[in-house]
Every structure is written in C-alpha cells, then in structure tokens.
Amino acid sequence: MNISRRTLLKTTGAAAVATPLLGSAMPGHPFGPVRQIDAGVLNVGYVELGPSTGTPVLLLHGFPYDIHSFEEVAPLLARRGYRVVVPYFRGHGSTTFRSASTPRTVDQAAFALDILALMDALQIRRAVLAGYDWGSRTADIIAALWPERVQGLVSVTGYLITNLEFNKKPLPPASENAWWYQYYFATERGVQGLHEYKREIGEFIWKFNSPTWKYSAATYARTAAAFDNPDYEAIVIGNYRWRQSLIPAEPEYAELEAVLQKPPKIAVPTITIDGKHDPFTPAGNGSSYRDHFVGRYEHRTFDVGHNVPQEAPREFARAVVDASR
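Every value quoted in this text rests on a predicted model; they were computed, and no experiment measured them.

Cut-offs and rules
- Residues numbered from 1 in each chain as written.
- Predicted model: local features only at pLDDT ≥ 70, side-chain atom pairs only at ≥ 80, totals over all residues.
- Heavy atoms only, no water.
- Salt bridge = Lys/Arg side-chain N within 4 Å of Asp/Glu carboxyl O.
- Helix = DSSP H or I, 4+ residues; strand = E, 2+ residues; numbered from the N terminus.
- Buried < 20%, exposed > 50% of the residue type's maximum accessible area, 1.4 Å probe, protein only.
- Expected span 1.5 Å × (residues − 1).
- Contact = heavy atoms within 4.5 Å.
- Axes fitted to C-alpha atoms, helices over the stretch in contact; angles between N-to-C directions.
- Left-handed = near helix turned anticlockwise from the far one by under 90°.
- Nonpolar A, V, L, I, M, F, W, Y, C, P; charged D, E, K, R; others polar.
- pLDDT = per-residue confidence, 0-100.
- Phe/Tyr/Trp six-rings, centres within 6.5 Å; stacked < 30°, edge-to-face > 60°.
- Lys NZ or Arg CZ within 6 Å of the ring centre and 35° of its normal.
- Pairing = 2+ DSSP bridges.

Q: How should I be thinking about the pattern of salt bridges in this particular structure?
A: This structure, assessed with the given rule, holds 13 salt bridges. Note that Asp 38 and Arg 98 form a salt bridge whose closest N and O atoms lie 3.7 Å from each other. Separated by 60 residues along the polypeptide, Asp 38 in strand E1 (residues 35–39) and Arg 98 in the loop between strand E5 (96–97) and helix H2 (108–121) bring together distant segments of the chain. Among the residues examined, Asp 38 registers a relative accessible area of 41% and is labelled partly exposed. Of the charged contacts, one joins Asp 120 and Arg 149 as a salt bridge, the two residues approaching to 2.9 Å between their closest N and O atoms.

Okay, here's the thing in structure tokens:
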C-alpha cells in the first residue's frame, strides 16, 4: 500500500474477555508437516494447523530460535478453531530466496514485507499477529504501518521497532553485556565464529536468555537444524550490523524506514508480555513502552525467560485468544 495514505485502525467493541487456562496440546493436532509456498521474493516454509475457515493467527519466531517455539501453542489454538500459520523467517529452516540474484536484504522492513507477502499468498486479509524477539519487531511494524491487516497483536517485550539513532547510544553495562553477540557479529571474528560455532552460539544464548527453562538436548537440536539454511549467516550478521548502522539501509525501504524512525504508534488491540527472567525485559512492568500503544491494551508478565511461547505455551495461547477478541 501507499504508506502516505495509510489510515490507523480504530479499535472498538468490548474489552477482551478472560478465558480459562488452556489445556495441553492433544494428539490429532501434530505440529507439521512443513509446507512451502512462493510469497514475494521467498519460497516460505511454514506449518499450518486448524480449519481454513478459522480466524487466522500468524505466530512469528525470534533469533536464535525457529517455528518450534510454537509447537505447543499452535495445536492449542487450532483446537479452538483458529487457522494457525507458523512461518520460518528469511534465512531460517526451509524458507529460501526464489532467485539466487535477489539481494539478501536485512532491514527490519524486509521482514514485515515478507509476512505481508505470505498473508497475500495464503489469501489472508487480516490476522492476529503474535511473536517474540524478531517476531515481535515484525508484528509491531505491520501493526503500525498496515493496521488494516491486523485483528490483534501479542508482542513479547512490547514495542521493538528499531530506532537506529537510539541504537547508537551506549547502554548500562549489564545491558551491553546481554547484547554481546550483537557486537561480536560486528567483527570479522564474529562472522567466522557464527560460521564455525552457530549451534554452540545459539545454545549459549538460549541458556542466558532463559535461565529457568529446562529444555532437552533434543528440543534444542530440532531448532538448531533451522540454522543450516544457506542464508542464515548472512541474514543474522547483516541484521545485527544494520541495527548498529554499520551497513546502509536499502533505498527500497527508505519510505517505510522514514516512518518507522519517528517512531509510529500502534493502534490495534494489543497484549504485551514480559518474561520475568528475560534479561531483555525492561524495568517498570511495561511502563517503558506503554505510550507506544494507543488502542485497547493489556500487559502481562509470565514467570519465564525470553522464549515465552515455548516456556509458557498455555499462557501465550490464552493471550492470543484474548487479543483476537
């Protein structure tokens, strides 16, 4: 759409109704198989569960994670009648570029356009978007710039649209330490390190991000397989360098980025979530980003770390149900 002509969606209707704690995923709703579809510049790998006529929900993963963050959330929602779509981001899993000549762009707007193209390919006009980490950022961007495509938003760690000027400012030492890999990837040593130790780096980050989560070796191995994508290293290195303004923004996203740098408010119905033990959770119980959300809004904190949907699947699924209303 023409960004200069977009209109914010006005939220109306009753407040979200609380739902009982959702039960466990049931046999008969397996997570898979992975399907493929051409969408924009990508051939996207995704899992779809639930009836095709149900309210669409897109579940968006982060780094260094993959679609299995939602392996319990998706069946819970499918059982309640939602059409659930869980895609691999560019550079992850079975999602590949349709042409070898397509630039492997990494601007935050590129990820949002990927999801919009997927929605178009699947004939989804409007959906509930729910994510964490890279997924939160992508969902936030779509909710801000294309609110007519978003029925409701669930965003872990709140408002994550990247502000490039703000990212140039130093953070307190503990916060800088938590972002060690961002600075590591800014070096050629980091490029080589990700190439040689991508699985070890991923698991090191998992343990730091979620200190109370007791996952199995098999759980991590299943996700780490998604890092074998041929574009994984380029996308990861490029995205973190882009965030630090170490590589230039692409001209094709200039109009969108001009709006995202303001930054824009989000008017769609939103539930934000913080992980109590997530080292990236800001202080103040959501107050630091509350003003960015100007529609119907609720904040929740769960007793987990960074990978909220995989650590607290029932609570995350309940938030999606509530946001959809």
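Q: Could you clarify how one ought to interpret helix H3 (residues 134–145) in this entry?
A: Every α-helical turn comprises 3.6 residues, leaving residues that sit three or four positions apart pointing alike. Counted at 1.5 Å a residue, the expected span for H3 with its 12 residues is 16 Å, and the 17 Å between its end C-alpha atoms agrees. The element H3 is largely enclosed, with a buried count of 12 among its 12 residues. For H3, the full list of buried residues reads Trp 134, Gly 135, Ser 136, Arg 137, Thr 138, Ala 139, Asp 140, Ile 141, Ile 142, Ala 143, Ala 144 and Leu 145. Taken together, the buried residues of H3 touch strand E3 (56–60), H2, strand E6 (127–131), strand E7 (150–156), helix H9 (232–243) and helix H10 (254–260).

Q: Looking at this model, I keep getting lost on the environment of Pro 313. Mind explaining?
A: As for its position among the elements, Pro 313 is in helix H12 (residues 313–324). Those residues within four positions of Pro 313 in sequence are excluded, and the remaining contacts are Glu 72, Val 73, Leu 76 and Val 308.

Q: Would you mind showing me how to read the packing of helix H7 (residues 188–209) against H9 here?
A: A pair of packed helices can be characterised by two numbers: the angle between their axes and the separation between those axes. Where H7 meets H9, the axes come as close as 10 Å, and the angle between the chain directions of the two elements is 145°. Crossing of H7 against H9: the hand is right-handed. Taken together, the residues of H9 that come into contact with H7 (itself represented by Glu 188, Gly 190, Val 191, Leu 194, His 195 and Lys 198) are Tyr 232, Glu 233, Val 236, Ile 237 and Arg 241. Among the residues making up the contact of H7 with H9, the classes are represented as 5 nonpolar, 2 polar and 4 charged.

Q: How should I be thinking about the confidence of the model for the protein chain in this particular structure?
A: On average, residues of the protein chain score 92 in pLDDT, and 91% of them are at 70 or above. Confidence over residues 1–21 falls short of pLDDT 50; this stretch has 46 contacts with residues more than four positions distant or in other chains. Every residue in residues 23–29 scores below 50 in pLDDT, and together they form 14 contacts with partners more than four places removed in sequence or on other chains.

Q: Sorry, what's going on with unusual backbone geometry here?
A: Note: most residues except glycine have negative phi, and most peptide bonds are trans. In this structure, Pro 33 follows Gly 32 across a cis peptide bond, with omega equal to 0°. Structurally, Pro 33 is set in the segment before E1. Of the consecutive residues Phe 63 and Pro 64, the connecting peptide bond is found in the cis state with omega at -5°. Within the secondary structure, Pro 64 sits in the loop between E3 and helix H1 (73–79). At Gln 123, a residue that is not glycine, the phi angle is positive and equals roughly 60°.

Q: I would appreciate a short explanation of the packing of aromatic side chains in the present structure.
A: Describing an aromatic ring pair means giving the distance of the ring centres and the angle of the ring planes. Applying the stated rule across the entire model yields 29 aromatic pairs. With a centroid separation of 6.2 Å and an interplanar angle of 55°, the aromatic rings of Tyr 181 and Phe 185 are classed as tilted. The class of Tyr 181 is buried, set by a relative accessible area of 1%. Just above the ring of Phe 111 sits the side chain of Arg 90; from NZ or CZ to the centre is 5.9 Å.

Q: Please clarify how the environment of Glu 255 should be interpreted in this entry.
A: Residue placement: Glu 255 occurs in helix H10. Judged by its relative accessible area of 47%, Glu 255 falls in the partly exposed class. Between the C-alpha atom of Glu 255 and that of Ala 109, which follows or precedes it by 146 residues, the distance is 10.0 Å.

Q: Please clarify how the pairing of E6 should be interpreted in this entry.
A: As a general feature of sheets, a regular strand has side chains that alternate between the two faces. Judged by how many residues are buried, E6 sits mostly within the fold: 5 of 5 residues are covered. What you see with E6 is no split at all: Ala 127, Leu 129 and Gly 131 on one side and Val 128 and Ala 130 on the other are buried throughout. Two elements, E3 and E6, share 4 bridges in a ladder whose sense is parallel. Within E6, the position partnered with Leu 59 by the bridge is Ala 130. Strand direction decides the pairing type here: E6 and E7, joined by 5 bridges, are parallel. Bridge pairing in E7 places Gly 131 opposite Ser 155.

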